[in-house]
Amino acid sequence: FPVTIGEIKKLLLLDRDGTITQNKARPGDFINDPNEIELIPGVLERLEQYNRDGWTIVVVSNQGGVEKGFITLEQCIEGFKRTIELSEGLIKFCLFCPEAYPALGSHCYKVAPPERLEQFWPSDLDAYRLGWDGFRKPYPDMLVLAQCLTGADEVLMVGDRDEDQKSATYANVPFQWAEEWRTGK
């Protein structure tokens, strides 16, 4: 007899720049202004499909341009609000690390609608410690935090860079390359 204990909570983790968004004026270039953000064609349809299939959608993103001075923290936060808006609210929240390589990522921010901003530190994950101390990908703490905040049982990470894949590996999460995910392969 099949036993149903409860519904599996599914979590789709998405990198942002180059995975679901691009620079409107200069595709392929970094996004340093919230007004430059646009969804890559086909992304909204994929978000809708995952939402219909019961997935919670969360963005996890390195934003080293903040520390390097290419973009202010306020502009970065506005960019994530814009990303949620462009997703028509399908993205539940965004986590980002504002530190640049080679930093481990001592903290990260959570941007959630309507106007919520929270900051997290590695000590916030003590109960879930994997032995890492870094929110900046390739370290897994941003992915682990997203899992903790959503209570997810099943997780998929999608990204376009090696650091995304490594972060998923370190967090013991399946990974899919952005191009494959966008085309539904």
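### Things to note about the packing of aromatic side chains
Stage number 1. On inspection of all chains with the given rule, the structure shows five aromatic pairs.
Stage number 2. Geometrically, the ring pair formed by Phe175 and Trp177 is edge-to-face, given 4.8 Å between the ring centres and 90 degrees between the ring planes.
Stage number 3. In this structure Trp177 comes out as partly exposed when scored by relative accessible area, which is 28%.
Stage number 4. Ring pairing ties together the aromatic residues Tyr50, Trp55 and Trp181, which thus form one cluster.
Stage number 5. Positioned above the aromatic ring of Phe80, the side-chain terminus of Arg16 is 4.2 Å from the ring centre.
Stage number 6. Above the ring of Phe93, the side-chain terminus of Lys110 is found at 4.6 Å from the ring centroid.

### Comments concerning helix 1 (residues 43-52)
Stage number 1. Within the span of helix 1, buried status applies to Val43, Leu44, Arg46, Leu47 and Tyr50. The buried residues of helix 1 occupy one face: seen down the axis, they fall within an arc of 160 degrees.
Stage number 2. Positive phi appears at Gly54, one or two residues downstream of helix 1, with a value of about 90 degrees.

### Quick look at the nonpolar core
Stage number 1. The biggest cluster of nonpolar side chains holds 31 residues, and the ones touching the most others in it are Leu12, Leu14, Ile57 and Trp181.
Stage number 2. Sort the elements by how many residues they give to this core and helix 3 (residues 73-86) lands first, with five residues.
Stage number 3. Not counting chain neighbours up to four residues away, the residues in contact with Leu12 comprise Tyr50, Trp55, Thr56, Ile57, Val58, Leu156, Val158 and Trp181.
Stage number 4. Val58, Phe93, Phe135 and Met157 belong to the second largest nonpolar core, which has 21 residues in total.

### As for the pattern of salt bridges
Stage number 1. According to the stated counting rule, one finds seven salt bridges in the structure shown.
Stage number 2. Close ionic contact of Arg182 with Glu179 constitutes a salt bridge, the shortest N to O distance being 2.8 Å. A residue pair is termed a helical-turn pair when its members lie 3 or 4 positions apart in one helix, as Arg182 and Glu179 do in helix 6 (residues 178-183) at three residues.
Stage number 3. One connected set of salt bridges, linked through shared partners, spans Asp15, Lys137 and Asp164.

The rules behind these values
- Residues numbered from 1 in each chain as written.
- Predicted model: local features only at pLDDT ≥ 70, side-chain atom pairs only at ≥ 80, totals over all residues.
- Heavy atoms only, no water.
- Phe/Tyr/Trp six-rings, centres within 6.5 Å; stacked < 30°, edge-to-face > 60°.
- Buried < 20%, exposed > 50% of the residue type's maximum accessible area, 1.4 Å probe, protein only.
- Lys NZ or Arg CZ within 6 Å of the ring centre and 35° of its normal.
- Helix = DSSP H or I, 4+ residues; strand = E, 2+ residues; numbered from the N terminus.
- Arc of directions from axis to C-beta.
- Core = buried A, V, L, I, M, F, W, Y, C linked by side-chain atoms within 4.5 Å.
- Contact = heavy atoms within 4.5 Å.
- Salt bridge = Lys/Arg side-chain N within 4 Å of Asp/Glu carboxyl O.

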